[in-house]
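# Commentary on secondary and tertiary structure
Read off the chains here:
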Amino acid sequence: MFERVDYYAGDPILGLVEKFNADSNPNKVNLSIGIYYDENNKLPVLECVKTAEQRIANPISPRPYLPMSGLPGHRLACQNLLFGADAPVLQEKRVATIATIGGSGALKVGAEFIHEWFPKSKCYVSDPTWANHIAIFEGCDIEVGTYPYYDKSTNGIKFDDMMAFIGQLHKHDVVLLHPCCHNPTGTDLTQAQWDALLDVIKERELIPFMDIAYQGFGQDMDSDAYAIRKAAEMNLPLFVSNSFSKNLSLYGERVGGLSVICPSISEAERVFGQLVYTVRRIYTSPPSHGGRILDIIMNDDALYQQWVGEVYGMRDRIKAMRLKLKSVLEAKVPARNFDYITNQNGMFSFTGLTPEQVERLQTEFGVYLISNSRMCMAGLNVDNVDYVANAMAEVLKVE
Ligand code: KET
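If you're wondering where the values come from, they're calculated on a predicted model, not measured in any experiment.

### Focus on the site of the ligand
The environment of the ligand is formed by 16 residues, the closest being Gly34, Ser104, Asn183, Asp211 and Ser245. Contact between the ligand and Asp211: a nitrogen atom at 2.6 Å from a side-chain N or O atom of the residue. At 2.7 Å, a side-chain N or O of Ser243 approaches an oxygen atom of the ligand. Compared with its free state, where it exposes 520 Å², the ligand has 92% of that area covered by protein. A molecule is said to occupy a pocket when more than half its atoms come within 2 Å of that pocket's grid points, and by this definition the ligand occupies the largest pocket. With three residues, helix H5 (residues 102-117) is the single largest residue contributor to the shell around the ligand.

Structure representation (structure tokens):
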């Protein structure tokens, strides 16, 4: 009966985590998946999360179904963080926001909505992008193409090519963008580049879909949302998927949100209804635990401030690791320029290593990167950074 079912070769990122766990090398270092580990190589539980957990546990309360759209406080937290609490689009009630099962769930619900209501639209993603962007949109029967983005020869952005390409897309085509901390390249547009790009998107009547999974890890909470707020200010229709997996260190709770800016209240109400109906047809309503943690932290001034401080602590530790890795590599491989390591933002560095070099790092040193050369800087710490730098220098030597 199932003979014709295709083999699944596994996920390029999650599959590596399994391989890493099975590796018996005592020096192994996991720099594959985008997960933040602290200076002791442990997955942190944020202090603000501990406080919220204690409130939830005392007293232990019943667990009804949540509304299909999730907790109101969860939705509000997403809106305030993305658009700024006093944003006119929020005051005008033009944003339809639902709680989602992580950032992935937001992308899925958004893509289902687009497939249903804009069936002719194609989706364009950056070359390269997070591989699951392509998988999720194709999984909703949407044709996916790429727009020029990363320039390997300069470690910068092919901005002119990107603008020219996006400038010839068709009305209502979807352009998937990373507002900050681009995955996998760590290379972001400047604010002036965002302004120019959003002008073209407006002129061509395209649908921008911004996926933000690393807010707070780039510059700061507000600057990282620049592109989102600029699009809101320009009155563009806009989809935003956001994830709290990384910045709340709540990976397994699956906390995210999907927001759609609409031109009018009545459209926002209809879009909200259809998003909710999409949820009903897939999983009915989100789980409550992560949403309650989010609601408690984000809607309490003191806990919110504590959270922001904790995110900036993670951001600064990653930046320190970038500096350290760069300085060791510069000393060991003086012929090569490693400026990209400190120029790139967020959790990732696109190292430009060849697939063979990535393979050698894994088999000879137990250092795991994604095969596209992406290294998760948040897996480095003072104890392993020299080991990783030496291993990288070793595989770069024979070039
Ligand atoms: N968007 C982006 C850009 C992203 O990097 C991730 C996760 C997600 C969405 C998914 O968020 P979540 O809330 O977990 O559903 N990226 C890391 C993990 C993964 O591949 O699933 C990664 O790139 O390593």
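### Thoughts on the pattern of salt bridges
Applying the stated criterion across every chain, the model contains 14 salt bridges. The shortest N-O distance in the salt bridge between Glu47 and Lys50 comes to 3.0 Å. Within this pair, Glu47 and its partner Lys50 are both found in helix H2 (residues 47-57), separated by three residues, close to a single helical turn. Accessibility expressed as a relative area gives 36% for Lys50, which makes it partly exposed. When the shortest N-O distance is used, the salt bridge between Glu205 and Lys171 registers 3.7 Å.

### Things to note about the pairing of strand S10 (residues 255-261)
Counting buried positions along S10 gives seven out of seven residues, so the element sits mostly inside the fold. Neither face of S10 is exposed, since Val255, Gly257, Ser259 and Ile261 on one face and Gly256, Leu258 and Val260 on the opposite face are all buried. Pairing analysis gives six bridges linking strand S9 (residues 238-243) to S10, with the strands arranged antiparallel. Its bridge partner lying in S10, Phe239 is registered against Val260.

### Brief notes about the side chain of Gln357
Following the sequence through the fold, Gln357 ends up in helix H14 (residues 355-365). Reaching out from Gln357, the side chain makes a polar contact with the backbone nitrogen of Thr354 at a distance of 2.9 Å.

### Describing the packing of aromatic side chains
Within a pair of aromatic rings, the relevant descriptors are the distance that separates the centres and the angle that separates the planes. Summed over the entire model, instances satisfying the criterion amount to 10 aromatic pairs. On the basis of an interplanar angle of 55 degrees and a centroid distance of 5.9 Å, the ring pair of Phe113 and Phe239 is categorised as tilted. Of this pair, Phe113 sits in helix H5 while Phe239 sits in strand S9, and the two are 126 residues apart along the sequence. Phe239 gets classed as buried once you look at its relative accessible area, which sits at 4%. Each ring, one from Tyr147 and one from Tyr149, has its centre 6.4 Å from the other, and the planes form 75 degrees; the classification is edge-to-face. The burial state of Tyr147 is the same as that of Tyr149; both residues are buried. Of the aromatic side chains, those joined through ring pairs into one cluster are Phe113, Phe137, Phe209 and Phe239. Taking NZ or CZ as reference, Lys28 lies 4.6 Å from the ring centre of Phe20, over its face. A cation over a ring is seen here: Arg281 above Tyr277, with NZ or CZ 4.0 Å from the ring centre.

### Details of the side chain of Asn384
Tracing the backbone shows Asn384 in the loop between strand S13 (374-376) and helix H15 (385-397). Reaching out from Asn384, the side chain makes a polar contact with the backbone nitrogen of Asn381 at a distance of 2.8 Å.

### A few points about the nonpolar core
In terms of nonpolar packing, the biggest core is built from 107 residues, with Phe83, Leu248, Trp307 and Leu325 touching the most fellow members. Here this core gets 10 residues from one element, more than from any other, and that element is helix H12 (residues 301-332). Non-local contacts of Trp307, meaning those with residues more than four positions away in its chain, are made with Leu46, Cys48, Leu81, Met221, Asn247, Leu248, Ile297 and Met298. In this structure, Ala96, Val109, Ile136 and Phe209 belong to the second largest nonpolar core, which totals 28 residues.

### Some remarks on a nonpolar patch on the surface
Where nonpolar side chains cluster on the molecular surface, the patch consists of Met1, Phe2 and Val5 and spans about 430 Å² of accessible area. Note on placement: Val5 falls in the segment before helix H1 (14-22). Overall, Val5 belongs to the exposed group, its relative accessible area being 54%.

Calculation notes
- Residues numbered from 1 in each chain as written.
- Predicted model: local features only at pLDDT ≥ 70, side-chain atom pairs only at ≥ 80, totals over all residues.
- Heavy atoms only, no water.
- Near = heavy atom within 4 Å.
- Polar contact = N/O pair within 3.5 Å; in protein donor to acceptor, adjacent residues only side chain to side chain.
- Areas by Shrake-Rupley, 256 points an atom, 1.4 Å probe, with all protein chains shown as cover.
- 1 Å grid on protein atoms, 1.4 Å probe; cavity = no way out; pocket = protein on both sides within 12 Å on 5 of 7 lines; lining within 4 Å.
- Sits in = over half its atoms within 2 Å of the grid points.
- Helix = DSSP H or I, 4+ residues; strand = E, 2+ residues; numbered from the N terminus.
- Salt bridge = Lys/Arg side-chain N within 4 Å of Asp/Glu carboxyl O.
- Buried < 20%, exposed > 50% of the residue type's maximum accessible area, 1.4 Å probe, protein only.
- Pairing = 2+ DSSP bridges.
- Phe/Tyr/Trp six-rings, centres within 6.5 Å; stacked < 30°, edge-to-face > 60°.
- Lys NZ or Arg CZ within 6 Å of the ring centre and 35° of its normal.
- Core = buried A, V, L, I, M, F, W, Y, C linked by side-chain atoms within 4.5 Å.
- Contact = heavy atoms within 4.5 Å.
- Patch = residues over 30% accessible without salt bridge, like charges linked within 9 Å, V, L, I, M, F, W, Y side chains within 5 Å.

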